[in-house]
Amino acid sequence: MKRYSFLELAKNAFSAHQNWGRQWRAPEPKAEYDVVIIGAGGHGLATAYYLAKEHGVRNVAVLEKGWLGGGNTGRNTTIVRSNYLWEESAALYNHAIDLWDGLSQELNYNVMYSARGVMMLAHTVHDVQVAQRHIHANRLAGVQNEWLTPEQAKEYCPPLNISKDIRYPVMGAALQRVGGTARHDAVAWGYARGADDMGVDIIQNCLVTGIKRGADGAVEGVETAKGFIKTKKVGVVAAGNTTNVMDMAGVRMPLESYPLQALVSEPVKPAFPCVVMSNTIHAYISQSDKGELVIGAGTDQFISYSQTGGIHITNHTIDAICELFPHFRRMRMLRNWGGIVDVTPDRSPILSKTPVSGLYVNCGWGTGGFKATPGSGHVFAHTIAKDEPHSINAPFTIDRFKTGRLIDEAAAAAVAH
Amino acid sequence: MLLIYCPYCEVERPETEFHNGGEAHIARPADPSKTSDEEWAEFLYMRSNVKGIAVERWRHIHGCGRFFNVVRDTVSDKILKVYKVDDPMPDLEALAKEAGR
């Protein structure tokens, strides 16, 4: 791999940047792999990267039906935070935060992780109580989170309207300073480049059409658009399409897939210093380094695979944004889009072995999987390589829906659904 | 936004008048004390999450308040059939063929 550095940049300037070369190969699939990952989004590519790097499993293929990072990885609002309620979640999301810090250096790829702070607003007495409960729970679990009065919130985020005259006045906020944003495409590209360098084959435009199981029920390979690929281990990381992929192996999933929307404004000069989220009136917003306001809306109320969403959902969010940040009222929105998110009944992910030997699943990230990308890939790689979960993802099984040991994060998930 | 026909009010109204009630035709276990953990998990949590022709419940919350069932293509979001809650599930394959899937 050609390492990126200042010297390399200077050298390539002499040839007008014409000779940088490919960041990863475009190989044809081999007949057999040790591990096949289905889905080349951030989580799937991170899994392949850590399989190769931490566990020495380099004979790995990542199969992608479309293009690399073209699903929810390329469609999310790039927010990173770890202020979930339960200790199981705190461990999982904090593991990701630990990896975000230093990820650019590790991948030799600028993922533009910016710990600019994530502020979650409280608008009602109930909100205030819930937010403070979260803060106390977080601090006991070693997760950084603090309470701000409306005046302190305004000081941290000057565009915020803390007038008492709006429909849902700001009564305070929970601030996680280590939260922030990262560049979503760069995360996928950085992991892809790193994994490819260690021998992982990333095969795009290769739809998986079947999972073959032997007489003993164990996985024997996958049928794809580019022919049969033999393998003993399959990791499914297919987000909104997980139910359909798992159906191929005969495993029922506790998932429902909904369109989740986001939109961006025209780019402007730096005007917004942090990330602000409001669960109650449903809006979240940050400003990208390009200058666009990146705004997250809610999910549609019905299952859909259409990758669009109802316009009334985005309108509802824009109403809230205009109320909270009046000086954005005259800004024009450039684009909106939808991604298909797989939601579990308890709003916590599933990172788990399955009843089928050799089949592993990483799904159910619902409306907030981007923030966990490095941690998710790291523990899922461990689960596949050792055939047993890492202590961090051990509670996130499919079996919890039978035992009743749910990890209820409905309040922390931030998107109403 | 969907336009949905309420079979009780016999009118077409925008989606915001309705509430989606999830997958249709899931029957509650008849004898709770004889129902295993697996069967409870199946009833409570496991869902078909169909990509294609799906049956789902809707409730006309800002109208008559009644539940009814809808057959919808979850890829195009096109509604193929609406039927009352005690009517049997229609022939999905025939509806799929009609819709050209």
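Caption draft 1: Structural view of the overall build of chain A. A count of helices and strands for chain A gives 11 helices and 19 strands. What you see for chain A is a C-alpha radius of gyration of 21 Å, in line with the 22 Å of a compact globule of 417 residues. Dimensions along the principal axes, computed over C-alpha positions, put chain A at roughly 65 × 65 × 40 Å. Burial status across chain A gives 59% buried among its 417 residues. Long-range pairs, those at least 24 residues apart, make up 76% of the contacts in chain A with a sequence separation of at least 6. Working note: accessible area of chain A is about 16,900 Å², and carbon and sulfur atoms make up 53% of it. The positive charge centre, built from 40 side chains, and the negative charge centre, built from 38, are 4 Å apart in chain A.

Caption draft 2: Representation of the sheet that holds strand E3 (residues 19-23) of chain B. Residues and elements named next belong to chain B. Taken in spatial order, the 4 strands make up an open sheet running E3-E4-E5-E6, and their pairing is antiparallel. Of all strands in the sheet, those with a lone pairing partner are E3 and strand E6 (79-84), marking the two edges. In this sheet, adjacent strand axes meet at a mean angle of 30° when their direction is disregarded. Looking at chain direction, strand E4 (residues 53-59) and strand E5 (residues 67-73) are connected through 7 bridges and run antiparallel. Each residue of the ladder has a partner; that of Ile 53, found in E5, is Asp 73.

Caption draft 3: How the structure looks around the domain arrangement of chain A. Residues and elements named next belong to chain A. Under the domain assignment used here, chain A contains domain 1 (27-82 + 84-109 + 184-254 + 346-403) and domain 2 (118-178 + 256-343). Each partner contributes to the interface: domain 1 provides 26 residues, whereas domain 2 provides 32 residues. Contact with domain 2 buries surface across domain 1, with Arg 75, Thr 77 and Leu 85 losing the most and accounting together for 27% of the total. The interface formed by domain 1 and domain 2 contains 0 salt bridges. There are 11 residue pairs in polar contact (both at pLDDT 80 or more) connecting domain 1 and domain 2. Mapped onto the side of domain 1 that touches domain 2, the elements with two or more residues apiece are strand E3 (79-80), helix H3 (87-100) and helix H8 (242-247). Its residues assigned to classes, the side of domain 1 that touches domain 2 shows 11 nonpolar, 11 polar and 4 charged.

Caption draft 4: Just the packing of aromatic side chains, in detail. Residues and elements named next belong to chain A. The tally for this structure, following the rule as stated, stands at 16 aromatic pairs over all chains. Ring centres 5.3 Å apart and planes at 65° place the aromatic pair Tyr 49 and Tyr 191 in the edge-to-face group. Of the two residues, Tyr 49 sits in helix H2 (residues 42-55) while Tyr 191 sits in helix H7 (residues 184-197), which places them 142 residues apart along the sequence. Here Tyr 84 and Tyr 93 contribute two aromatic rings whose centre-to-centre distance is 3.9 Å and whose plane-to-plane angle is 5°, an arrangement assigned as stacked. In terms of burial, Tyr 84 and Tyr 93 fall into one category: buried. Ring pairs connect the aromatic residues Tyr 4, Trp 20 and Tyr 109, which therefore count as one cluster. In this structure, Arg 167 is placed above the aromatic ring of Tyr 168, and the distance from its NZ or CZ to the ring centre is 4.3 Å. Over the aromatic face of Tyr 4 sits the side chain of Arg 193, whose NZ or CZ is 3.8 Å from the ring centroid.

Caption draft 5: The arrangement of the nonpolar core in detail. Residue and element names in this part refer to chain A. Within the largest apolar cluster, 51 residues are counted, with the highest numbers of intra-cluster contacts made by Leu 45, Trp 100 and Tyr 191. Counting residues per element, the ones that place at least two in this core are strand E1 (35-38), H2, strand E2 (60-63), H3, helix H4 (103-107), H7 and helix H10 (373-386). At 7 residues, the largest contribution of residues to this core is made by H2. Among all residues touching Tyr 191, those that are not within four sequence positions of it are Leu 45, Ala 46, Tyr 49, Tyr 50, Leu 103, Leu 107, Thr 373 and Pro 374.

Caption draft 6: Inspection of the interface of chain B and chain A at higher detail. With 24 residues of chain B at the interface, the matching set in chain A holds 24 residues. When chain B packs against chain A, close to 2,200 Å² is buried across both sides, 51% of that on carbon and sulfur atoms. Between chain B and chain A we count 1 salt bridge in total. Inspection of the chain B/chain A interface yields 16 residue pairs in polar contact (both at pLDDT 80 or more). Residue assignment for the side of chain B that touches chain A shows that the elements contributing at least two residues are E3, helix H1 (37-44) and E4 of chain B.

Caption draft 7: Highlighting unusual backbone geometry. Residues and elements named next belong to chain A. For His 17, which is not a glycine, the phi torsion comes out positive at approximately 55°. Its relative accessible area of 39% is what places His 17 among the partly exposed residues. Although it is not a glycine, Asn 108 sits at a positive phi angle of roughly 55°. The class of Asn 108 is buried, set by a relative accessible area of 11%.

Caption draft 8: Structural context of the pattern of salt bridges. Residue and element names in this part refer to chain A. Overall, the coordinates contain 21 salt bridges over all chains when judged by the stated rule. Across the pair Glu 8 and Lys 11 runs a salt bridge whose closest N-O atoms are separated by 3.7 Å. Here Lys 11 and Glu 8 lie together in helix H1 (residues 6-13), a separation of 3 residues that amounts to about one turn. Taking relative accessible area as the criterion, Glu 8 reaches 13% and is therefore assigned buried. For Lys 11, a relative accessible area of 55% puts it in the exposed group. Across the salt bridge formed by Asp 201 and Arg 25, the nearest N and O atoms sit 3.1 Å from each other. Note that Asp 201 is positioned in strand E8 (residues 201-203) and Arg 25 in the loop between H1 and E1, a separation of 176 residues in sequence. Using a relative accessible area of 35% as the deciding quantity, one classes Arg 25 as partly exposed. Through salt bridges with shared partners, one network takes in Lys 2, Glu 8 and Lys 11.

Caption draft 9: The packing of H3(A) against H10(A), seen in detail. Residues and elements named next belong to chain A. Direction vectors running N to C along H3 and H10 enclose 110°, while the axes themselves pass 7 Å from each other. With respect to each other, H3 and H10 are oriented roughly perpendicular. Residue-level inspection shows Leu 92, His 95, Ala 96, Leu 99 and Trp 100 of H3 in contact with H10, the latter providing Pro 374, Gly 375, His 378 and Val 379. Its residues assigned to classes, the contact of H3 with H10 shows 6 nonpolar, 3 polar and no charged.

Calculation criteria
Residues numbered from 1 in each chain as written. Chains lettered and ligands numbered in written order. Predicted model: local features only at pLDDT ≥ 70, side-chain atom pairs only at ≥ 80, totals over all residues. Heavy atoms only, no water. Helix = DSSP H or I, 4+ residues; strand = E, 2+ residues; numbered from the N terminus. Rg over C-alpha atoms; globule rule 2.2 N^0.38 Å. Buried < 20%, exposed > 50% of the residue type's maximum accessible area, 1.4 Å probe, protein only. Contact = heavy atoms within 4.5 Å. Areas by Shrake-Rupley, 256 points an atom, 1.4 Å probe, with all protein chains shown as cover. Lys, Arg positive; Asp, Glu negative; His and termini not counted. Charge placed at Lys NZ, Arg CZ, Asp CG, Glu CD. Pairing = 2+ DSSP bridges. Axes fitted to C-alpha atoms, helices over the stretch in contact; angles between N-to-C directions. Domains from an automatic or database assignment. Buried area = accessible area lost by both parts, 1.4 Å probe. Salt bridge = Lys/Arg side-chain N within 4 Å of Asp/Glu carboxyl O. Polar contact = N/O pair within 3.5 Å; in protein donor to acceptor, adjacent residues only side chain to side chain. Nonpolar A, V, L, I, M, F, W, Y, C, P; charged D, E, K, R; others polar. Phe/Tyr/Trp six-rings, centres within 6.5 Å; stacked < 30°, edge-to-face > 60°. Lys NZ or Arg CZ within 6 Å of the ring centre and 35° of its normal. Core = buried A, V, L, I, M, F, W, Y, C linked by side-chain atoms within 4.5 Å. Parallel < 35°, antiparallel > 145°, perpendicular 65-115°, else oblique.

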